[in-house]
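# A look at the structure
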Amino acid sequence: MKGEQGMQRVLSRVAVVVVAVFAVTSGCALFEDERTAKGRKLYRHYCMHCHGESGQQQEGFNWERMPDPRPRDLSESEAMSTFSDEEIFNTISRDMRDTTLQEVLDDENYFAVSTMPTFKYTLSEEELWAVVGYVRTLHGGSLTFDVEGRKAELESRFKAAETAHDQAKQAMDEALAKQEAEEAARAEAEEEAEEEAEEDDEDMDMEDDEDADLEEEDEEEILLPEEEAYEKVAEQFEAAKAAWENFSKRPRMTQIARPDLTVEETEKAVLEEKGKSLYFNKYGCNGCHSIGDVGGLVGPALDRAGFRLNDTWVYRWVRYPQGMKKHTRMPNLGLDDPDARAVTAYLDTLRAPKPDKPIPLPE
Ligand code: HEC
Ligand code: HEC
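Report follows, based on the coordinates. Residues take numbers from 1 onward in each chain, read along the sequence in its written order. Chains and ligands are labelled by the order in which they are written, letters from A for the one and numbers from 1 for the other. Note on the predicted model: pLDDT of at least 70 is required for a residue's local features to be given, and 80 or more for side-chain atom pairs to be given and counted; whole-chain, interface and lining totals, by contrast, use all residues. Think of the side-chain values as coming from all heavy atoms in the structure, minus any hydrogens and water.

Turning to the coordination of the iron atom of ligand 1, a few remarks are in order. Reference geometry at the metal: tetrahedral coordination by four donors gives ideal angles of 109.5 degrees; octahedral coordination by six donors gives 90 or 180 degrees. In this listing, donors mean N, O and S atoms no farther than 2.8 Å from the metal, or 3.2 Å for Na, K and Ca; water is missing from the atoms, so a site can look incomplete. Those donors, His51 (NE2) and Met116 (SD), are the protein atoms that reach the iron atom of ligand 1, and they lie 2.0 to 2.1 Å from it. Angles of 86 to 179° at the metal separate the six donor atoms of the iron atom of ligand 1, which places the site in the octahedral class. In this pair, histidine 51 sits in helix α3 (residues 48-51) while methionine 116 sits in the loop between α6 (102-106) and α7 (125-138), placing the two residues 65 residues apart along the sequence. For the pair histidine 51 and methionine 116, a shared accessibility class is recorded, and that class is buried. Irregular is the default label, applied whenever a site is not tetrahedral (four donors, all angles between 85 and 135 degrees) and neither square planar nor octahedral (four or six donors, opposite donors over 155 degrees apart, all other angles between 65 and 115). For helices the rule is a DSSP run of H or I covering at least 4 residues; for strands it is a run of E covering at least 2, with both sets numbered from the N terminus onward. Only protein chains enter the accessibility calculation, which uses a 1.4 Å probe; a residue is then buried when its area is under 20% of its type maximum, exposed when over 50%, and partly exposed in between.

Laid out in structure tokens, this is it:
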């Protein structure tokens, strides 16, 4: 009985020590864990269908159906540890480029696999780093990039730029007010002088007026030094603000306006062909959508898109899916207006007959 109690006391003391050591050594790690948890959640929503829950091949329901090259094994430590955090970040946050162009294939700094989508236009920079951190854990690693440092730097740069902006604005406003007051005083003095001159000599009147007009024109063109300084500072402020917002907030576009999609009959074929090439070679839509037996299963099959979907809707959807359905798994791939027009024209050509048996839905 006594021995047992003694043992319990020893055990509870050990437990206290273990907890204390953990609390001291993991002070910062607790914060990182929160980020990793966020990364896991995002990974499960946006990546798992292709890369699998643990990053292994053939795990995600879409893996089998992907065209080559299929996703590599993200849990394979030897190969994955050759990539830096920044390289992984750049892969998931790049601009999509047309992979039929030799210069794109030759660019060593560019990851030219169209069926690996970009998340640059879907997630905030902070979220992207969280995903990179989670990908690291899949092969037993951890993020070494200093996200907190970058966050602090961007935030303080933004705050400093804001202060500089406000100060420069105040200086400019004061200088402008001073100039206005001086001009008013001078105008008053001139008026008085004119009145005196009028009494002296009526013929001089015209000339005086002309001189005054010229002077005013000159003054309008020259900016005050405070105005010039403000313009520069305002530009820096806008850039610092954009960088900070890009870090902390998801990209948001203003709503995409309804486009006029009428196409000259003579230009139609070229546009459709361009759209087809963009669909496969630039935006890798086939990684997620199937046409016939070919292509992924993440999104609906598009065999009959030309019958089922309205062009205007398609155009707006491909340009800004999150604007139409907030948490859709389809990322915004950064299509500009000409590319969206071409892809829309191509989808309109997809008019396969009704299938005999319904296409199975992904799990
Ligand atoms: C539509 C399927 C698909 C989705 C969704 C997808 N990937 Fe990929 N991913 C690929 C393909 C295809 C490759 C290219 C083959 C390869 O190198 O692994 C790839 C490659 C990668 C690589 C290796 C990069 C390299 O240089 O080889 C990483 C890392 C990666 N993906 C991370 C992610 C993350 C993180 C997400 C989610 C935010 C994601 N992927 C979503 C298909 C996908
Ligand atoms: C990472 C996977 C992914 C990629 C890449 C992708 N999509 Fe999608 N797409 C989806 C998902 C998922 C949906 C279903 C939307 C929803 O309800 O959330 C969808 C929906 C659609 C729809 C509506 C289909 C319908 O029947 O309602 C169209 C059209 C479409 N995508 C076109 C495209 C085009 C064009 C591209 C290439 C520019 C593309 N998608 C790239 C995943 C993807």
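Think of it this way: one heavy atom of a residue within 4 Å of a molecule or strand is enough to make that residue near it. Around ligand 1 sit 25 residues, and of these Cys47, Cys50, His51, Arg72 and Met116 come closest. What qualifies as a polar contact is a pair of N or O atoms within 3.5 Å, subject to a donor-acceptor requirement within protein and to the restriction that residues adjacent in sequence count only when both atoms come from side chains. Histidine 51 places a side-chain nitrogen or oxygen 2.8 Å from a nitrogen atom of ligand 1. Between ligand 1 and the protein, one listed contact pairs an oxygen atom with a backbone N or O atom of arginine 72 at 2.6 Å. For the shell around ligand 1, the secondary structure elements donating two or more residues are α3, α5 (85-92) and α7. Gly is placed with the polar residues, together with every amino acid not listed as nonpolar (Ala, Val, Leu, Ile, Met, Phe, Trp, Tyr, Cys and Pro) or charged (Asp, Glu, Lys and Arg). By residue class, the composition of the shell around ligand 1 is 18 nonpolar, five polar and two charged.

All right, on to the packing of helix α13 (residues 311-319) against helix α15 (residues 337-348) then. Lines are fitted to the C-alpha atoms to define the axes, a helix being fitted only along its stretch in contact, and any angle between axes, read from their N-to-C directions, falls within 0 to 180 degrees. Where α13 meets α15, the axes come as close as 9 Å, and the angle between the chain directions of the two elements is 130°. Here α15 runs oblique to α13, going by the angle between their axes. Here α13 runs over α15; the crossing is right-handed. In this structure, α13 contributes Asp311, Val314, Tyr315, Val318 and Arg319 to the contact, and α15 contributes Asp337, Ala340, Arg341, Thr344, Leu347 and Asp348. The residue makeup of the contact of α13 with α15, split by class, is five nonpolar, one polar and five charged. What sets the label is the angle itself: under 35 degrees gives roughly parallel, over 145 gives roughly antiparallel, 65 to 115 gives roughly perpendicular, and the rest give oblique. Helix crossings fall into two classes, left-handed where the near helix is turned counterclockwise from the far one by less than a right angle and right-handed where it is turned clockwise. Two residues form a contact once any of their heavy atoms are found within 4.5 Å.

Near ligand 2 there are 20 residues, and of these Cys285, Cys288, His289, Thr328 and Met330 occur at the shortest range. Interatomic distance of 2.8 Å between a side-chain N/O atom of arginine 308 and an oxygen atom of ligand 2. Between ligand 2 and the protein, one listed contact pairs an oxygen atom with a side-chain N or O atom of threonine 328 at 2.6 Å. Going through the elements one at a time, α13 and α15 are the ones with two or more residues in the shell around ligand 2. The residue makeup of the shell around ligand 2, split by class, is 14 nonpolar, three polar and three charged.

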